[in-house]
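# Structural overview
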Amino acid sequence: MERVVSGIRPTGNLHLGNYFGAVRNFVRMQHEYDCFFFIADYHSLTTHPTPENLRRSVRQALSEYLACGIDPDKCTIYAQSDLPETAELYLLLNMNAYVGELERCTSFKEKIRKHPDNVNAGLLTYPTLMAADILIHKAVKVPVGKDQEQHLEMSRTFANRFNRLYNCTTFPEPHAFNFGSGLVKVPGLDGSGKMGKSEGEGNAIFLADSPEVIRKKVMRAVTDSGPVNPGQEMPEPVANLFSLMRLVSTSDTVEFFESKYQDCSIRYGDLKKQLAEDMVAFIAPINEEIHRIASDDALISKVMDQGAEKAHASANKTISEVRNVIGFRTK
Ligand code: ADP
Ligand code: TRP
């Protein structure tokens, strides 16, 4: 069965961008593929070197994954740091990752622009660690949002380079994946760009947000003064609200507000109220599950142990093969 790998950093709660870009695919894929999903706690140290309570964040992230419908009996779910084989593969891939190509990576350039005071080697080699996460299980499909496209391209480069250098066929090529169509980019509420946890207050709707918080954030979303000419093109902030509506509302609702926009009779207050209620209804059952699971310490520990064990079994095989191909002693 084809292998699937994906991970999310535990640097904040899951938001609708994470859900529609990645986690929604995880839930479907677990029934059709051999899936490995992990909480990328090593990666979180690239931007948060001394996280306040990493253990708590990892457990919260796991609760949120499970609340979305990830079933630990159908897939393997684990903490990245429970699989140090990944770190060994990262070291080996780094020997053949060139500083030039890593420096050209868009996410690296963006991070050093935002945080010029912490340009560490972990940040530079973020794509090699990500490639190691994927290649350690020989995954071919990687469910991620649009922003991860370049990282996947680099993973393919590292996989192919390894095979060429050591004259082997150890690694298959991994590809970004989304059910049905192209990769997803969920917009934020601040008028431009994607929804993200580090994009500023009010940009993201989190699955752990209460109905009151969701309503407040949506009502404050950026819009403009409204259309004046029938059929006028939508400005980005308004188009973004419609994009969000397409995710959580019925097609009738979307069409209703689209036609109101087209004939210039739209009231953004009404649009936002409807969007907020549809988001609340969509998130409510997940939100309830998050609270239930997060308070079940025994369940969380059991799932973590079970995941680590299953992930080890897969990773050990790859690492032995890699060590053998390079010429190291194998255990
Ligand atoms: P953030 O950007 O909030 O820090 P992450 O980088 O941890 O989120 O993203 C984890 C996963 O969620 C990745 O697969 C990423 O592509 C996806 N993702 C994050 N934000 C969005 C978004 N706005 N639209 C689509 N997918 C997203
Ligand atoms: N880079 C991803 C993000 O920021 C997280 C990630 C780390 C990942 N390792 C991965 C995603 C391996 C898919 C596969 O969202």
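Remember, it's a predicted structure, so these values are computed and weren't measured experimentally.

Conventions used here
- Residues numbered from 1 in each chain as written.
- Chains lettered and ligands numbered in written order.
- Predicted model: local features only at pLDDT ≥ 70, side-chain atom pairs only at ≥ 80, totals over all residues.
- Heavy atoms only, no water.
- Domains from an automatic or database assignment.
- Contact = heavy atoms within 4.5 Å.
- Buried area = accessible area lost by both parts, 1.4 Å probe.
- Polar contact = N/O pair within 3.5 Å; in protein donor to acceptor, adjacent residues only side chain to side chain.
- Helix = DSSP H or I, 4+ residues; strand = E, 2+ residues; numbered from the N terminus.
- Nonpolar A, V, L, I, M, F, W, Y, C, P; charged D, E, K, R; others polar.
- 1 Å grid on protein atoms, 1.4 Å probe; cavity = no way out; pocket = protein on both sides within 12 Å on 5 of 7 lines; lining within 4 Å.
- Points joined across faces, edges and corners; volume = space filled by probe spheres on them.
- Near = heavy atom within 4 Å.
- Areas by Shrake-Rupley, 256 points an atom, 1.4 Å probe, with all protein chains shown as cover.
- Buried < 20%, exposed > 50% of the residue type's maximum accessible area, 1.4 Å probe, protein only.
- Pairing = 2+ DSSP bridges.
- Right-handed = clockwise from strand over helix to strand, strands pointing away.
- Phe/Tyr/Trp six-rings, centres within 6.5 Å; stacked < 30°, edge-to-face > 60°.
- Lys NZ or Arg CZ within 6 Å of the ring centre and 35° of its normal.

What follows deals with the domain arrangement of the protein chain. How large an interface is tends to be reported as the accessible area lost when its parts come together. Examined at the domain level, the protein chain breaks down into domain 1 (3–184 + 297–326) and domain 2 (197–291). Using C-alpha coordinates to define each centre, domain 1 is positioned 31 Å away from domain 2. Tallying the contact residues gives 17 residues for domain 1 and 15 residues for domain 2. Carbon and sulfur atoms supply 71% of the area buried between domain 1 and domain 2, which totals about 1,300 Å² over both sides. Run the count over domain 1 and domain 2 and you get two residue pairs in polar contact (both at pLDDT 80 or more). Those elements that provide at least two residues to the side of domain 1 that touches domain 2 are α1 (16–29) and α3 (54–68). A per-element tally of the side of domain 1 that touches domain 2 places α3 first, with five residues. Of the residues assigned to the side of domain 1 that touches domain 2, the class counts are seven nonpolar, seven polar and three charged.

The next point concerns empty space enclosed by the protein. Inspection of the entire model under this criterion finds three cavities of 30 Å³ or more. Considered as a void within the structure, the largest cavity measures approximately 70 Å³ in volume. A per-element tally of the lining of the largest cavity places α3 first, with three residues. Within the lining of the largest cavity, the residues separate by chemical class into six nonpolar, two polar and three charged.

Glancing now at the site of ligand 2. Neighbouring ligand 2 are Ser 6, Gly 7, Arg 9, Phe 38, His 43, Tyr 126, Met 130, Asp 133, Ile 134, Val 142, Val 144 and Gln 148. Arg 9 places a polar side-chain atom, nitrogen or oxygen, 3.4 Å from an oxygen atom of ligand 2. Contact with the protein chains removes 92% of the 360 Å² of surface that ligand 2 exposes when unbound. The set of elements that each furnish at least two residues to the shell around ligand 2 consists of β1 (3–8) and α8 (126–135). Here the element with the most residues in the shell around ligand 2 is α8; it accounts for four residues.

Of all six residues in strand β2 (residues 34–39), five are buried, a share of seventy percent or more. In the sheet, β1 pairs with β2 via six bridges, with the strands oriented parallel. Bridge assignment links Gly 7 to a residue of β2, and that residue is Phe 38. In this region the chain leaves β1, passes through α1 and returns to the parallel neighbour β2; the handedness of that crossover is right-handed.

A few words on the packing of aromatic side chains. This structure, assessed with the given rule, holds 11 aromatic pairs. Ring centres of Phe 26 and Tyr 65 lie 6.0 Å apart, and the angle between their planes is 35 degrees; on these two criteria the pair is classed as tilted. Highlighted residues: Phe 26 in helix α1 and Tyr 65 in helix α3, separated in sequence by 39 residues. Centre to centre, the rings of Tyr 33 and Phe 177 are 6.3 Å apart; their planes meet at 70 degrees, and the pair counts as edge-to-face. Here the residue Tyr 33 occupies a position in the loop between α1 and β2, and Phe 177 occupies one in strand β5 (residues 175–177), the gap between them amounting to 144 residues. For the pair Tyr 33 and Phe 177, a shared accessibility class is recorded, and that class is buried. In textbook terms, an aromatic cluster arises when at least three aromatic residues are bridged by ring pairs, as seen for Tyr 19, Phe 20 and Phe 282. Across the ring face of Phe 179, the terminal group of Arg 28 is positioned such that the distance to the ring centre comes to 3.7 Å. Taking the ring centre of Tyr 126 as reference, the NZ or CZ of Lys 111 above it sits at 5.0 Å.

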